[in-house]
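So the chains spell out like this:
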Amino acid sequence: MVEQAPAKINLTLRVLRGRADGYHDLESLVVFADLTDTLTLQPGGAAALEVAGPFAAATGPDAGNLVLKAHAALRERLPGLKAGRFQLTKNIVVAAGLGGGRKDRERV
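K.L.:
Is there a simple way to think about the nonpolar core in this case?
P.N.:
Note on soluble globular proteins: their nonpolar side chains tend to be buried together. The biggest cluster of nonpolar side chains holds eight residues, and these are Leu39, Leu41, Leu49, Val51, Ala56, Val67, Phe86 and Leu88. Among all residues touching alanine 56, those that are not within four sequence positions of it are Val51 and Lys90.

K.L.:
Quick question: what am I supposed to make of the sheet that holds strand β2 (residues 24-43) here?
P.N.:
Strand pairs in the sheet, formed through backbone hydrogen bonds, run parallel or antiparallel to each other. Strand order in the open sheet made by the four strands is β1-β2-β4-β3, with mixed pairing throughout. Only two strands of the sheet have a single neighbouring strand rather than two, namely β1 (2-18) and β3 (48-52). Across the sheet, the mean angle separating the axes of adjacent strands is 35° when strand polarity is ignored. The pairing of β3 with strand β4 (residues 84-89) spans five bridges and is classified as parallel. Each bridged residue has a counterpart across the sheet, and for alanine 52 the counterpart in β4 is threonine 89.

K.L.:
Even after reading the chapter, I still don't get the environment of valine 67, so can you show me in this structure?
P.N.:
For valine 67, the location among the structural elements is in helix α1 (residues 66-77). Owing to a relative accessible area of 0%, valine 67 belongs among the buried residues under this scheme. It is 9.6 Å that separates the C-alpha atoms of valine 67 and glutamine 87, two residues lying 20 residues apart in sequence.

K.L.:
Help me understand the pattern of salt bridges in this model?
P.N.:
Once the charged atoms of two side chains with opposite charge are near each other, the side chains can pair. Across all of its chains, the model carries six salt bridges by this definition. The salt bridge involving aspartate 25 is made with arginine 17; its shortest N-O contact spans 3.1 Å. According to the relative accessible area criterion, aspartate 25 is partly exposed, its value standing at 23%. Classification of arginine 17 as exposed rests on a relative accessible area of 53%. Aspartate 21 is paired through a salt bridge with arginine 19; the nearest N and O atoms lie 2.8 Å apart.

K.L.:
Just checking my understanding: could you explain the confidence of the model for the protein for this structure?
P.N.:
Interpreting fine coordinate detail is not advised for predicted regions of low pLDDT. On average, residues of the protein score 84 in pLDDT, and 86% of them are at 70 or above. Every residue in residues 103-108 is under pLDDT 50, and counting partners more than four places away or in other chains gives 20 contacts.

K.L.:
Would you take a moment to explain α1 for this structure?
P.N.:
Residue pairs three or four apart in sequence face the same way in an α-helix, which turns once every 3.6 residues. Between its first and last C-alpha atoms α1 spans 16 Å; for 12 residues at 1.5 Å apiece the expected length is 16 Å, and the two agree. For α1, the full list of buried residues reads Leu66, Val67, Ala70 and His71. Mapping the buried residues of α1 onto a view down its axis gives an arc of 145°, with all of them on the same face.

Criteria and cut-off values
Residues numbered from 1 in each chain as written. Predicted model: local features only at pLDDT ≥ 70, side-chain atom pairs only at ≥ 80, totals over all residues. Heavy atoms only, no water. Core = buried A, V, L, I, M, F, W, Y, C linked by side-chain atoms within 4.5 Å. Buried < 20%, exposed > 50% of the residue type's maximum accessible area, 1.4 Å probe, protein only. Contact = heavy atoms within 4.5 Å. Pairing = 2+ DSSP bridges. Helix = DSSP H or I, 4+ residues; strand = E, 2+ residues; numbered from the N terminus. Axes fitted to C-alpha atoms, helices over the stretch in contact; angles between N-to-C directions. Salt bridge = Lys/Arg side-chain N within 4 Å of Asp/Glu carboxyl O. pLDDT = per-residue confidence, 0-100. Expected span 1.5 Å × (residues − 1). Arc of directions from axis to C-beta.

Okay, structure coming up:
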């Protein structure tokens, strides 16, 4: 399974009301660029994550990566969910406002 996560550019962004969970509702208009990160899953075995690509080092430790956190949360809701090896290829600069940091880790 292979998914592309395109870079996004916010044309407008409004921060709205604060929520009980500590986050805020947002209103934005975005466009997507041709530049993408790639998330690949090879089914089988224990859940594991490998981060590669020119911006891999900027993603931080794998244990805190939201790819694995999302898999764990889904496994809680779907007992018996099979795992596998995830590979995240970072081609989008992290913390550049292009959605290449958190967004990829939230896609799974």
